Amino acid sequence: MKSSKIIEKIRSMSLEEKIGQLNQIQLEDTEQIREEIRKGRVGSIILADTATAGNDEQKRIDMNLLNELQQIAVEESTAGIPLIFGRDVIHGHHTVLPIPLAEAASFHTELIEKAYRAVAKEAASDGVHWTFSPMIDISRDPRWGRCIEGFGEDPYLTSEMGKAAIRGFQGEDYKNTESIAACAKHYLGYGAVEGGRDYGKTEISDYTLRNYYLRPFQAAVEADVATVMNSFSEISGQPVASSRYLLHDVLKEELGFNGFIISDWASIAKLVSHRVAKDEKEAAMLAAGAELDMDMVDRCYIEHLGELAAEGKVSEETIDKMVYRVIYIKERFGLFEHPYAERKQINYEEHLSFAKQCADESMVLLKNNGVLPIGQSEKIAVAGPFLYEKRSHLGSWAPDYDAGMLKSIQEAFLDCADKDRFIFPQLPYLWDDILLTLREVNTVVLALGESARVSGENNCLTNIDFPAEQLALIKKIKAMGKKLVGVMCFGRPIALGEAEPYFDAILYAWQSGSCAAQSIADIVCGNVNPSGKLPMTFPRTTGQIPLYYNYPSFFGNGMAYYGEGDNYWDCKSTPMYPFGYGLSYTKFEYSEVGCENNTLTLEELQNGEKFRVSVIVTNTGKYTGKETAQCYISDLVSSMTRPVKELKGFSKIFFNQGECREITFELGFEELGFYNGSGKFCVEPGEFDVFIGGDCTTDNKVKIAVVDEK
Ligand code: NOJ
């Protein structure tokens, strides 16, 4: 449908039908809903039974019911506009991928895109048109349970991962019935909630907002994301749901977003809880005034917009603009051509192989005193509270998971060809039963972790230190003089300060989806070489939060990462493990960084010329393996304080034993620029250090300069 056709269509609609397009309701199998659809009072249905659908069991999707309701919309309503069905297909559908934070650790955007394509196909086959994913909120606080739903602390990594997910969901041909519309959420600044308390207040300057929190949304808009969801939170006194500046001026006008904005669950009505609106009618007026296009479940628009229009408080022209965006997305995603869902042939084996690859590449080897991979004929005890666990590996948001796909860690070890050398306690929680098993072995693999209940929406912690009861267990085991391998199945970064010295090796396995257990067994046994790198800084102790790598320099030597200094009496200032860090069973060596063209003029940069910086990486170890080379910049003198390091490129490459490869990164205006104190994106002439290495603490650098010849 051409834009003129959409405009024509809108002209033919009554005000009630228009407002209906802006109304998203919950699915119920009732006559009342059928009647509402028939009258054109519903534009979308969310397939969620509860407000926190990531935490609660959800009904499975009934495709026949969806098709029946769709038929009413298309054939019995006057406007005949199809409904768009949305569901939280966050990091998987029947096949579940690792939680997004773990996916980010893979640093493998092509793999993530491919895996999300598979997820889109599964969801589309169940009748889903639209997912509320990816979450691209920057999170610097692991107490915030939702940090697991995003891609970590860095704007560049989050942007790259977010774009990969969007490409996977939406595909190249949006009308293809295997494509679903994506939703970038939660716009904006949600990850900065104070104290990690979900839904809370944020205090973010425009400078920080533009340089960190907004960047992934800018990238999502560039990737043509179909929809954006506002956050529940407020920024510096302004709830996002009523911020015309953020929703209309910045997102739509400045960034050029042309899809539609959906409110998060009842967040229009919550303007009353924020006490910026006295009642839901006023809340509807404020949200529509901000041009928040579609109202999720609270019925503020359908109940009040008509009256507000009649009173002249919301213009019909504004409503038309919002309706246009909704119909435009329905049209782009082929709903007019293919309104009904049809089952597709799904190759689940292939999808599971994507989930396995994602899990293999997401797990991070944090420590290894030569104990991993385990010796080939050694007898090994595998124990710990996660030995027989399955569901927790999926993390939050897995409403459609296929339980038949899941294995426990014990089952995965029993699938190994040499399974007889593994012994297991019967009572994984009881130290006495575990110790009995240990008598026969020198090495124990302990599966530890947290359940999926303490992370995700509205599930936050004040203390992210390693769980005390599990620490007591490892102390007892270590007292027997055994070698201890910790396999850590946590959603968020955990402060390992006290626990770390007890381990000979630590594999951070996250909550890695349908194939988590198999990846753990494969990495521990050496069938897979770990290659994940941390997307979020691991503090030593909870009290260091917020701790993130892209921190500005201040006094001291001015170039110390993480504001390193002696500020704390009771803890070092440095993290336990820095951003970008992760070990491999093999070793990679980096040559010095080289640059073909150390100087460019500002004009050349503005005209698209780029610095090309390169390094030669060699696999000098005993295994084949993958390495993620990371490129960071440091703007040496600028009008505003800039981070000591900022990630601007990464490249994950497979190396045979002894192989060396040249890796080149290009840095142009976009990479070297920042939003200055007046909100203008600029490159300030002067010198930059460019670093290439295996994590953010690398010192391997070259200098480049931007000169202003005017
Ligand atoms: C609330 C959550 O904040 C959001 O992420 C989710 O997509 C919606 N509920 C719909 O379930």
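Residues numbered from 1 in each chain as written. Predicted model: local features only at pLDDT ≥ 70, side-chain atom pairs only at ≥ 80, totals over all residues. Heavy atoms only, no water.

**What to know about the pattern of salt bridges**
In total, this model carries 54 salt bridges according to the counting rule given. Residue Asp49 pairs with Lys59 through a salt bridge whose shortest N-O separation is 3.5 Å. On the criterion of sequence distance, the pair formed by Asp49 in the loop between strand E2 (44-46) and helix H4 (63-76) and Lys59 in the loop between E2 and H4 is long-range, its members being 10 residues apart. Residue Asp49 is classed as partly exposed on the basis of its relative accessible area, which comes to 30%. A relative accessible area of 58% means that Lys59 is categorised as exposed. Between Glu411 and Lys390 there is a salt bridge, and its shortest N-O distance comes to 3.5 Å. In this pair, Glu411 is assigned in helix H16 (residues 409-414) and Lys390 in the loop between strand E13 (380-383) and H16, connecting sequence segments 21 residues apart. Connected through shared salt-bridge partners, Glu16, Glu36, Arg41 and Arg299 make up one network. (Salt bridge = Lys/Arg side-chain N within 4 Å of Asp/Glu carboxyl O. Helix = DSSP H or I, 4+ residues; strand = E, 2+ residues; numbered from the N terminus. Buried < 20%, exposed > 50% of the residue type's maximum accessible area, 1.4 Å probe, protein only.)

**A few points about the site of the ligand**
Lining the immediate surroundings of the ligand are 14 residues, of which Asp88, Arg146, Lys185, His186 and Asp264 lie closest. Separating an oxygen atom of the ligand from a side-chain N or O atom of Asp264 is a distance of 2.5 Å. Here the ligand loses 100% of its free accessible area of 300 Å² to cover by the protein chains. In terms of residue class, the shell around the ligand is built from 8 nonpolar, 1 polar and 5 charged. (Near = heavy atom within 4 Å. Polar contact = N/O pair within 3.5 Å; in protein donor to acceptor, adjacent residues only side chain to side chain. Areas by Shrake-Rupley, 256 points an atom, 1.4 Å probe, with all protein chains shown as cover. Nonpolar A, V, L, I, M, F, W, Y, C, P; charged D, E, K, R; others polar.)

**Describing the pairing of strand E27 (residues 686-693)**
The side chains of a regular strand alternate between both faces of the sheet. A large share of E27 lies buried, amounting to 6 of its 8 residues. As judged from the 6 bridges shared by strand E22 (residues 625-635) and E27, these two strands associate in the antiparallel manner. Residue pairing across strands places Ser634 opposite Asp689, the latter belonging to E27. Across 6 bridges, the pairing between E27 and strand E28 (residues 701-707) is antiparallel. (Pairing = 2+ DSSP bridges.)

**Observations concerning a nonpolar patch on the surface**
A surface patch of nonpolar side chains, about 330 Å² in accessible area, is lined by Leu427, Tyr429 and Leu430. Tracing the backbone through its elements, the reader meets Leu427 in the loop between strand E14 (422-423) and helix H17 (431-438). (Patch = residues over 30% accessible without salt bridge, like charges linked within 9 Å, V, L, I, M, F, W, Y side chains within 5 Å.)

**A short note on the packing of helix H8 (residues 206-213) against helix H9 (residues 215-222)**
Close contact between H8 and H9 brings their axes to 5 Å; oriented N to C, the two are set at 45 degrees. Accordingly, the angle class assigned to the pair H8 and H9 is oblique. Residues Arg210, Asn211, Tyr212 and Tyr213 of H8 form the contact with H9, whose own contacting residues are Arg215, Pro216 and Phe217. Looking at the contact of H8 with H9 residue by residue, the classes come out as 4 nonpolar, 1 polar and 2 charged. (Axes fitted to C-alpha atoms, helices over the stretch in contact; angles between N-to-C directions. Parallel < 35°, antiparallel > 145°, perpendicular 65-115°, else oblique. Contact = heavy atoms within 4.5 Å.)

**Some remarks on the sheet that holds strand E8 (residues 234-235)**
If you trace the 3 strands from one edge of the open sheet to the other, you get E6-E8-E9, paired in mixed fashion. Every other strand in the sheet has two partners, leaving strand E6 (201-202) and strand E9 (238-239) as the edge strands with one partner each. When E6 meets E8, the two strands line up parallel, connected through 2 bridges. Opposite Lys201, over in E8, you have Glu234 as the bridge partner.

**What to know about the nonpolar core**
Formed by 173 residues in total, the largest nonpolar core has its most connected members in Tyr187, Tyr301, Leu366, Phe466 and Leu496. At 9 residues, the largest contribution of residues to this core is made by helix H6 (residues 109-125). Judged by nonpolar contacts, the second largest core, of 32 residues, contains Ile409, Cys416, Leu507 and Val528. (Core = buried A, V, L, I, M, F, W, Y, C linked by side-chain atoms within 4.5 Å.)

**Describing unusual backbone geometry**
For the bond from Ser133 to Pro134, the omega torsion is 10 degrees, close enough to zero to count as cis. For Pro134, the position within the fold is in the loop between strand E4 (130-131) and helix H7 (155-170). In this chain, Leu372 is followed by Pro373 through a cis amide linkage whose omega measures -5 degrees. Its location among the elements puts Pro373 in the loop between strand E12 (364-368) and E13. For Arg275, which is not glycine, the phi dihedral falls at a positive 60 degrees. Topologically, Arg275 is positioned in the loop between helix H11 (270-273) and helix H12 (280-289). The backbone of Asn458 shows a phi angle near 60 degrees, a positive value even though the residue is not glycine. Secondary-structure assignment places Asn458 in the loop between strand E15 (443-449) and helix H18 (468-478). The class of Asn458 is partly exposed, set by a relative accessible area of 44%.

**Considering the sheet that holds E12**
The pairing of strands in a sheet happens through backbone hydrogen bonds and is either parallel or antiparallel. The 6 strands are arranged E12-E17-E16-E15-E13-E14 in an open sheet whose pairing can be described as mixed. The open sheet has two edge strands, E12 and E14, and neither has a second partner. As paired elements, E12 and strand E17 (residues 505-508) share 4 bridges and run antiparallel to each other. In the strand pairing of E17, Asn368 is matched with Ala505. Its contacts with the sheet place helix H19 (residues 516-525) against E14, E15, strand E16 (483-489) and E17, and it is angled at close to 150 degrees to E16.

**Focus: the packing of aromatic side chains**
Tallied over the entire structure, the rule returns 27 aromatic pairs. Judged by centre distance (6.4 Å) and plane angle (70 degrees), the rings of Tyr190 and Phe232 are edge-to-face. A residue pair is termed long-range when its members are at least 10 positions apart, and Tyr190 in the loop between strand E5 (183-187) and E6 and Phe232 in the loop between strand E7 (227-230) and E8 qualify at 42 residues. Judged by relative accessible area, Phe232 falls into the buried class, the value being 7%. With 4.9 Å between their ring centres and 65 degrees between their planes, Phe413 and Phe422 make a pair best called edge-to-face. Summarising the burial analysis for this pair, Phe413 and Phe422 share the class buried. Among the aromatic residues, ring-to-ring pairing joins Phe107, Tyr156, Tyr549, Phe579, Tyr632 and Phe650 into one connected group. The ring of Trp397 is capped by Lys185, whose NZ or CZ atom sits 5.3 Å from the centre of that ring. Looking at Arg210, its charged tip hangs above the ring of Tyr675, at a distance of 5.7 Å from the centre. (Phe/Tyr/Trp six-rings, centres within 6.5 Å; stacked < 30°, edge-to-face > 60°. Lys NZ or Arg CZ within 6 Å of the ring centre and 35° of its normal.)

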